[in-house]
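Examining the three-dimensional arrangement
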Number of protein chains: 2
Amino acid sequence: MTGAERTSVSRRKLFGMAGAGAALVGTGAAAGIGANRLLGGDSPAQAAQSVVEFHGEHQAGIVTPVQENLHFVALDVTTKDREKLVKLLRTWTDAARRMTAGQEVGTGGAVGGAPAAPPSDTGEALDLAASSLTLTIGFGPSLFDDRFGLASKRPAALIDLPLFPQDKLDPARGGGDVCIQACADDPQVAVHAIRNLVRLGFGVTAVRWSQLGFGRSSSTSRSQSTPRNLFGFKDGTRNVKAEETDVLRDQVWATAEDGQPWMAGGSYLVARRIRMHIETWDRESLKGQEGIVGRTKGAGAPLGQTAEFDTPDFQVGGAGGEKLIPDDSHVRLASHENLNGARILRRGYNFVDGSDGVGHLEAGLFFLAFNRDTRKQFVPMQQALSSKDAMMEYLQHTGSAHFAVPPGVREGGFWGEGLFS
Amino acid sequence: MTGAERTSVSRRKLFGMAGAGAALVGTGAAAGIGANRLLGGDSPAQAAQSVVEFHGEHQAGIVTPVQENLHFVALDVTTKDREKLVKLLRTWTDAARRMTAGQEVGTGGAVGGAPAAPPSDTGEALDLAASSLTLTIGFGPSLFDDRFGLASKRPAALIDLPLFPQDKLDPARGGGDVCIQACADDPQVAVHAIRNLVRLGFGVTAVRWSQLGFGRSSSTSRSQSTPRNLFGFKDGTRNVKAEETDVLRDQVWATAEDGQPWMAGGSYLVARRIRMHIETWDRESLKGQEGIVGRTKGAGAPLGQTAEFDTPDFQVGGAGGEKLIPDDSHVRLASHENLNGARILRRGYNFVDGSDGVGHLEAGLFFLAFNRDTRKQFVPMQQALSSKDAMMEYLQHTGSAHFAVPPGVREGGFWGEGLFS
């Protein structure tokens with residue numbers, strides 16, 4: 001018996017045990033779960049600790065504490081057959097259940113199937129733990145055309161985003177019928193998940209664009225420190241946090257009363273690829289940078305205050321009487337105090353896609369934000385920023401997309417079940 | 001006093017202490033070292049643990065256990081002034097000393113300098129530990145033209161790499177007068193290091209190309225498990241390991257007797273960007289994949305054996321008498337048994353640069369290998385692989401570069417000191 005045969009036998013046994021795996025994790029019976037894919041390294045207990053529950057009222061990957069790595073993909077549906085699309089959504093959901101629990105994408109997996117057939121799992125995450133993988137799906141405005149009979153189900157909030165001042169959008173980096181966001185604490189786990197979902201979609205969907213990211217540029221939980229973006233500043237200090245349940249209810253989660261009952265418990269995702277002109281920014285003085293952001297670079301305190309989480313005082317003046325937080329500073333324009341209370345939940349990532357043709361970093365922020373009604377939250381915020389933010393001199397929005405993120409999945413259910421039933 | 005002022009005062013004090021920081025780490029007096037950049041999170045002791053010593057007989061980043069993340073940059077020298085280049089090498093070395101010790105790139109740092117001046121550090125790694133950052137420099141063949149009087153110092157082993165069969169090289173992804181390899185266990189730390197070195201080079205060097213990578217695709221120490229590449233197979237099982245000091249001496253480290261005394265203790269680095277046709281590979285059967293690689297996918301055992309580290313038996317036959325490890329398998333063609341004993345030390349990375357224009361992953365292996373004489377080691381190996389390897393059907397070499405990696409730096413010395421003195 002070869003090593004591979006022995007491995008596949010023991011793996012198949014594990015798969016037999018793991019049918020209700022994702023559910024068991026929630027009840028604490030974690031032994032063996034998450035270990036299926038784990039041929040070495042962490043103990044099963046450690047692996048189980050890195051499993052984020054897939055099922056729930058809301059999809060994971062929204063208020064989940066932001067993981068370190070991102071692979072985001074936008075796909076177009078290439079079939080006009082509604083049943084094929086629904087079947088794929090069921091297949092994807094099963095695969096997502098398994099992979100977020102640290103298991104291979106399908107029974108048989110990378111090495112347990114028939115030798116004459118392609119493996120059902122591509123294998124590069126075989127020895128890796130679940131790594132807090134979350135998979136989050138969204139549906140773009142274009143899905144609600146006449147192909148699948150969904151026009152009447154299109155939420156009013158799922159607008160075609162307007163062109164904002166200074167947008168320089170690349171069509172090859174925007175739009176999409178469907179998106180899937182994979183976040184994990186290991187980049188290979190996120191890449192593996194997207195690759196395998198894309199593979200399952202062959203003949204039904206095709207990749208439109210994708211983006212990798214690292215170094216989460218926000219926190220979504222008070223348990224996380226605030227990370228820094230590629231301008232070197234703490235980013236997302238005032239972000240909506242998982243602990244702010246009132247704010248989540250009011251500003252993140254859609255309700256049936258918002259117009260489309262299938263979206264109750266869902267949210268709206270705005271994705272923007274924001275190129276940062278790093279080299280230009282690096283030539284700006286410290287004082288200039290801090291004035292543009294409206295915060296100190298070290299502590300991240302609002303100008304005029306001393307600590308990161310101090311509330312900004314937008315009126316306080318300096319010695320010469322001028323406002324310490326300038327009128328065109330980023331923190332002022334993005335603040336809910338100046339946007340009729342509107343807030344958004346951000347969970348974007350830094351990205352570096354190598355170098356451009358003139359030797360500059362092709363780098364920036366892949367902005368991901370969830371809100372209850374993009375028309376009332378993201379759009380007015382971005383209008384203010386695009387037209388007035390001093391930081392825009394160093395930014396270029398190169399990609400844009402908008403998705404309706406359906407509510408969470410019940411055990412036995414599937415992504416978008418409410419939309420298609 | 002604002003938070004930023006307080007921070008910068010305390011940081012400046014730390015910098016005063018840290019003059020001999022990198023040296024102290026080696027002697028165990030680690031308290032405070034590595035903590036300079038660390039405004040929160042790990043304790044100083046934890047941070048110091050993640051410091052890799054910069055000085056030594058050889059540069060770090062070759063036999064150092066492979067870190068999780070890579071940012072690799074190739075630069076062209078844009079000045080013809082030798083003294084400016086030497087000055088930059090000194091500046092870079094000082095910066096590399098500091099950053100690998102977890103410190104900011106220059107005194108003053110991100111927030112401790114004059115407010116009217118650009119910060120000397122860009123700041124995005126301010127709260128992050130050293131993360132086992134290594135910085136490794138190399139000099140390309142083009143540096144040895146007539147610009148800097150180095151023609152007589154060009155090592156014979158630093159050849160212009162031949163065009164191998166099936167190469168489809170993109171000039172925008174190859175060559176370079178100088179390379180810097182940054183490896184770290186945090187991608188933001190690697191990106192920060194390259195960005196700041198590039199910035200210091202402004203006016204003397206310009207970025208030619210760069211590449212990010214993740215999920216180390218080799219091990220360089222027996223203390224590391226063997227990772228998997230994007231074909232889902234364990235990769236680098238038979239790689240040269242740090243513990244094999246005899247092999248390192250014979251096959252990795254150049255000596256004075258090899259021809260150029262300034263290269264004694266150095267090595268030769270081959271960088272190849274190898275695009276993998278992931279989607280095609282994924283349609284290959286398990287048996288087919290294993291035959292191409294010559295190993296099982298699960299355990300990574302040589303075909304015919306049972307465990308990963310079993311020695312391949314290239315003669316053993318199957319039931320039908322055919323060789324279990326096919327003649328055109330990767331493991332056979334790359335094996336030192338079939339290459340007159342030639343081995344190389346690999347420390348490549350997986351990469352995913354988003355999607356290409358037809359929705360396929362722009363992904364693969366960024367191959368990095370160190371050897372003592374590229375003419376006798378990498379070149380015959382790649383000739384064999386490019387012309388016979390069954391895996392070539394799924395690969396495309398899109399970038400290629402070759403560098404002479406000088407020996408390690410003594411305290412007070414600088415990168416390439418032997419070359420320029």
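So, how was this worked out
- Counting of residues starts from 1 at the beginning of each chain's written sequence and follows it residue by residue.
- All chains are assigned letters beginning at A, and all ligands numbers beginning at 1, according to the order in which they are written.
- The predicted origin of the model limits local features to residues at a pLDDT of at least 70 and limits the giving and counting of side-chain atom pairs to 80 or more, whereas totals for whole chains, interfaces and linings rest on all residues.
- Side-chain measures here rest on the full set of heavy atoms in the structure, leaving out hydrogens and waters.
- UniProt positions are given in the numbering used here, feature names are shortened, and annotations may be inferred rather than shown by experiment.
- Secondary structure elements are defined from DSSP: runs of H or I of at least 4 residues count as helices, runs of E of at least 2 residues count as strands, and each element is numbered from the N terminus.
- It only takes one pair of heavy atoms within 4.5 Å for two residues to be counted as in contact.
- Computed by Shrake-Rupley with a 1.4 Å probe, the accessible areas treat only the displayed protein chains as cover when residues are assessed.
- An axis is simply a line fitted to the C-alpha atoms; with a helix, the fit covers only the stretch in contact. Between two such axes, the angle follows the N-to-C directions and lies from 0 to 180 degrees.
- Roughly parallel here means an angle under 35 degrees, roughly antiparallel means over 145, roughly perpendicular means 65 to 115, and every remaining angle is called oblique.
- In this scheme, a crossing is called left-handed if the near helix is turned counterclockwise away from the far one by less than a right angle; it is called right-handed if the turn is clockwise.
- C-alpha atoms of residues with pLDDT of at least 70 in both copies form the basis for the least-squares superposition of the copies.

Chain A has the name Deferrochelatase in an unreviewed UniProt entry, where Amycolatopsis oliviviridis is given as its organism. In its Function (unreviewed entry) section, the UniProt record describing chain A reads: "Involved in the recovery of exogenous heme iron. Extracts iron from heme while preserving the protoporphyrin ring intact."

Further remarks concern the overall build of chain A. The secondary structure content of chain A amounts to 11 helices and 9 strands. The contacts of chain A with a sequence gap of at least 6 include a subset with a gap of at least 24, amounting to 76%. Of the roughly 14,900 Å² of accessible surface on chain A, 53% is carried by carbon and sulfur atoms.

This part is about the UniProt feature "domain: Dyp-type peroxidase N-terminal" (unreviewed entry) in chain A. Here the UniProt-annotated "domain: Dyp-type peroxidase N-terminal" (unreviewed entry) positions come out as residues 59-214 of chain A. Taken end to end, residues 59-214 of chain A is 21% helix and 21% strand, and its first and last C-alpha atoms sit 21 Å apart.

In this section: the packing of helix α4 (residues 82-100) of chain A against helix α5 (residues 187-200) of chain A. For any two helices packed against each other, one specifies the crossing angle of their axes together with the interaxial distance. Residues and elements named next belong to chain A. Packing of α4 against α5 leaves a shortest axis separation of 10 Å and a crossing angle of 155°. Put simply, α4 runs roughly antiparallel to α5. The handedness of the crossing between α4 and α5 is right-handed. Across the interface between the two elements, Leu-88, Thr-91, Trp-92, Ala-95 and Met-99 of α4 pack against His-192, Ala-193, Asn-196, Leu-197 and Leu-200 of α5.

Here two copies of a chain appear, and what relates them is a rotation about an axis with a shift along it. Least-squares fitting of chain A to chain B yields an RMSD of 0.0 Å, with the superposition described by an axial translation of 0.0 Å and a rotation of 180°. Taken together, the rotation and translation describe the operation of a two-fold axis. Judged by C-alpha distance, Asp-353 of chain A is the residue of chain A that lies nearest the rotation axis, at 3.2 Å. Interface overlap between copies: 100% of the residues of chain A at the interface are likewise at the interface in chain B, consistent with a symmetric, same-surface contact.

Quick look at unusual backbone geometry now. All names here are of chain A. Even without being a glycine, Ser-132 presents a positive backbone phi close to 55°. Structurally, the position occupied by Ser-132 is in the loop between α4 and β2 (134-139). The phi dihedral of Gln-166 is positive, around 75°, even though this residue is not glycine. Turning to its location among the elements, Gln-166 is positioned in the loop between β2 and β3 (178-184).

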